[in-house]
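Single-letter residue listing:
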Amino acid sequence: MSAIERGNVILLAFVLTFYFVKHYNDENKLKSELALIALAATFGLKLYPCIFGLLLLKDLKFSAAGRCVLYAVLFTVLPTFVFEGPSSILPWLKFVFGIGGSEGTSSAAEGSGSGIPWYLVLFLILGLFLLIALMIRRNGKPVIPLKNSQILFLITYLSLLIGGGAGGYNLIFFIIPFLTFLQEEEKLNRYNLIEFLVYLVCLLPAGINSLNYLFFGLFILGCGVRLFHERHTSPKISSI
């Protein structure tokens, strides 16, 4: 409620990102194109939701990715002519690179004794993991057969790390993979319990902030448990 009262732009960025995830692969061309425009529009609000564009690369939608970049440029450049021209992009860049929840950044930086913020270390590790999971295939199938919700969770986490920390109002973006998780799992059991608990922690109204970095490892463990179970109980693994 506090974010709504303050008119926090993160809420609008979340709505646009949610629409993109839901419709970017829609058979209706109008909806899928509007999804690209929605994601591009987030670029003028907060930078980090644009990492959801990885979904386009995962599905080899390179043409759609190109159009999305073009829309983002238009959303960035055209509004500047209403104010002081393209030179006003510089203060805008400072704004979009701003952190929605400063608590996550400060706590993350304090957690690294080497002077390198933990969120930067996690960003590099997670970025490499996602690159392998989304882009590298063997016999036409991903080498790491993650579920839809798991990919969305990792992309969400990566996007928040770009924003400087997984804390504050940013945590609202975890609603996107959580809803997908609920669609995938008909009932709660011992194989998906870990992931479910991580979602509950991430979606607490106050947010856990500094502890969210520890729960990332717990989520990876939960992913392994669910995928291992499905691998040994189903002849085919549902993956993306």
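What you see is a predicted model, and the numbers here were worked out from it, not measured in a lab.

(A) A look at unusual backbone geometry. Even without being a glycine, Leu60 presents a positive backbone phi close to 60 degrees. Looking at where Leu60 falls in the secondary structure, it is placed in the loop between α4 (54-58) and α5 (62-77).

(B) Layout of the packing of aromatic side chains. Evaluated as defined, the whole model comprises 13 aromatic pairs. Ring centres of Phe14 and Phe173 lie 5.8 Å apart, and the angle between their planes is 85 degrees; this geometry places the pair in the edge-to-face category. One end of the pair, Phe14, is in helix α2 (residues 9-23); the other, Phe173, is in the loop between α9 (148-162) and α10 (175-184), and 159 residues separate them in sequence. Here Phe14 and Phe173 have matching classes, each one buried. Geometrically, the ring pair formed by Phe153 and Tyr157 is tilted, given 6.0 Å between the ring centres and 35 degrees between the ring planes. With Phe153 and Tyr157 both in helix α9, this residue pair falls four residues apart, about one helical turn.

(C) Examining the packing of α2 against α10 more closely. Direction vectors running N to C along α2 and α10 enclose 35 degrees, while the axes themselves pass 10 Å from each other. Residues Phe14, Thr17, Phe18 and Val21 of α2 lie in contact with α10, whose contacting residues are Ile175, Ile176 and Leu179. Across the contact of α2 with α10, the residue classes tally to six nonpolar, one polar and no charged.

(D) Spatial organisation of the pattern of salt bridges. One pass over the structure, following the stated rule, counts five salt bridges. Across the pair Glu185 and Arg226 runs a salt bridge, and its minimum N-O distance is 2.6 Å. Here the residue Glu185 occupies a position in the loop between α10 and α11 (193-202), and Arg226 occupies one in helix α12 (residues 212-231), the gap between them amounting to 41 residues. The class of Arg226 is buried, set by a relative accessible area of 2%. The partner of Arg226 in a salt bridge is Glu195, and the shortest N-O contact between them spans 2.7 Å. Here Glu195 lies in helix α11 and Arg226 lies in helix α12, a separation of 31 residues in the sequence. Salt bridges linked by common partners bring Glu184, Glu185, Glu195 and Arg226 together as one network.

(E) Geometry of α5. Here α5 contains 16 residues, and its C-alpha end-to-end distance of 23 Å stays within 8% of the 22 Å for a straight helix at 1.5 Å per residue. Here α5 has its buried residues at Ala64, Ala65, Cys68, Tyr71, Ala72 and Thr76. All buried residues of α5 lie within an arc of 135 degrees about the axis, which places them on one face of the element. Within α5, the exposed residues directed more than 90 degrees away from the buried face are Phe62 and Ser63.

(F) Focus on the confidence of the model for the chain. Of all residues in the chain, 70% have pLDDT values of 70 or greater, and the mean over the chain is 76. When the elements of the chain are averaged for pLDDT, helix α7 (residues 102-110) gives the smallest value, 43, and helix α3 (residues 29-42) the largest, 93. A low-confidence stretch, residues 99-112 (pLDDT under 50), is modelled with 31 contacts involving residues beyond four sequence positions or located in other chains. Note on residues 236-240: pLDDT under 50 across the span, and 11 contacts to partners over four residues away in sequence or across chains.

Basis of the calculations
- Residues numbered from 1 in each chain as written.
- Predicted model: local features only at pLDDT ≥ 70, side-chain atom pairs only at ≥ 80, totals over all residues.
- Heavy atoms only, no water.
- Helix = DSSP H or I, 4+ residues; strand = E, 2+ residues; numbered from the N terminus.
- Phe/Tyr/Trp six-rings, centres within 6.5 Å; stacked < 30°, edge-to-face > 60°.
- Buried < 20%, exposed > 50% of the residue type's maximum accessible area, 1.4 Å probe, protein only.
- Axes fitted to C-alpha atoms, helices over the stretch in contact; angles between N-to-C directions.
- Contact = heavy atoms within 4.5 Å.
- Nonpolar A, V, L, I, M, F, W, Y, C, P; charged D, E, K, R; others polar.
- Salt bridge = Lys/Arg side-chain N within 4 Å of Asp/Glu carboxyl O.
- Expected span 1.5 Å × (residues − 1).
- Arc of directions from axis to C-beta.
- pLDDT = per-residue confidence, 0-100.

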